[in-house]
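Chain and residue survey
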Amino acid sequence: MKNIIWSKDNCSYCTKAKELLKSKAIEFEERNISKDWTKKQLLEAVPNAKTVPQIFLWDKYVGGYDSLLEYIEDHNM
């Protein structure tokens, strides 16, 4: 199962999401569209994405940072 955060440079919510997952000891792959990945690849994964981060946990689409907070609370993590 894969955990992925689509991010970009200078994105405070991306940083917060990564820090939150690290604090919960959840390993993830970062896909930074400012570096090794493209916006096109992000849109292939999340067709309606307008912002980053876009987060997948255990191969399930979660959404952005606020959705991540909700997901973690709902799953007592």
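Placed above this text is the structure.
Described below are features of the structure shown in this document. (Residues numbered from 1 in each chain as written. Predicted model: local features only at pLDDT ≥ 70, side-chain atom pairs only at ≥ 80, totals over all residues. Heavy atoms only, no water.)

Counting twelve residues, the largest nonpolar core is built from Ile 5, Ala 17, Leu 20, Leu 21, Ile 26, Ile 55, Leu 57, Val 62, Tyr 65, Leu 68, Tyr 71 and Ile 72. Every element with two or more residues in this core is listed here: α1 (12–23), β3 (54–57) and α3 (65–74). Among the elements that line this core, the one with the most residues is α3, at four residues. In this structure, Ile 4, Cys 14, Val 46 and Phe 56 belong to the second largest nonpolar core, which totals nine residues. (Core = buried A, V, L, I, M, F, W, Y, C linked by side-chain atoms within 4.5 Å. Buried < 20%, exposed > 50% of the residue type's maximum accessible area, 1.4 Å probe, protein only. Helix = DSSP H or I, 4+ residues; strand = E, 2+ residues; numbered from the N terminus.)

Moving on, we get to the pairing of strand β2 (residues 29–32). Where strand β1 (residues 4–7) meets β2, four bridges bridge the pair, whose relative direction is parallel. If you follow Trp 6 over to β2, its bridge partner there is Arg 31. Once the chain exits β1 it traverses α1 before rejoining the sheet at β2, and the crossover so formed is right-handed. (Pairing = 2+ DSSP bridges. Right-handed = clockwise from strand over helix to strand, strands pointing away.)

The next subject is the state of the cysteines. Every disulfide links exactly two cysteines, by a covalent bond between their sulfur atoms. Under the definition given, this model contains one disulfide. There is a disulfide in this structure between Cys 11 and Cys 14, and the S-S distance comes to 2.3 Å. Classification of the bridge connecting Cys 11 and Cys 14 rests on its S-S torsion, roughly 75°, and on that basis the disulfide is right-handed. With respect to class, Cys 11 is no different from Cys 14; both count as buried. (Disulfide = S-S within 2.5 Å.)

So, about the packing of aromatic side chains. Two numbers describe a pair of aromatic rings. These are the distance of the centres and the angle of the planes. One pass over the full model with this rule turns up three aromatic pairs. Ring centres 5.4 Å apart and planes at 80° place the aromatic pair Trp 6 and Trp 37 in the edge-to-face group. One end of the pair, Trp 6, is in strand β1; the other, Trp 37, is in the loop between β2 and α2 (39–45), with 31 residues separating them in the sequence. (Phe/Tyr/Trp six-rings, centres within 6.5 Å; stacked < 30°, edge-to-face > 60°.)

None of the figures reported here should be taken as evidence of function without further support.
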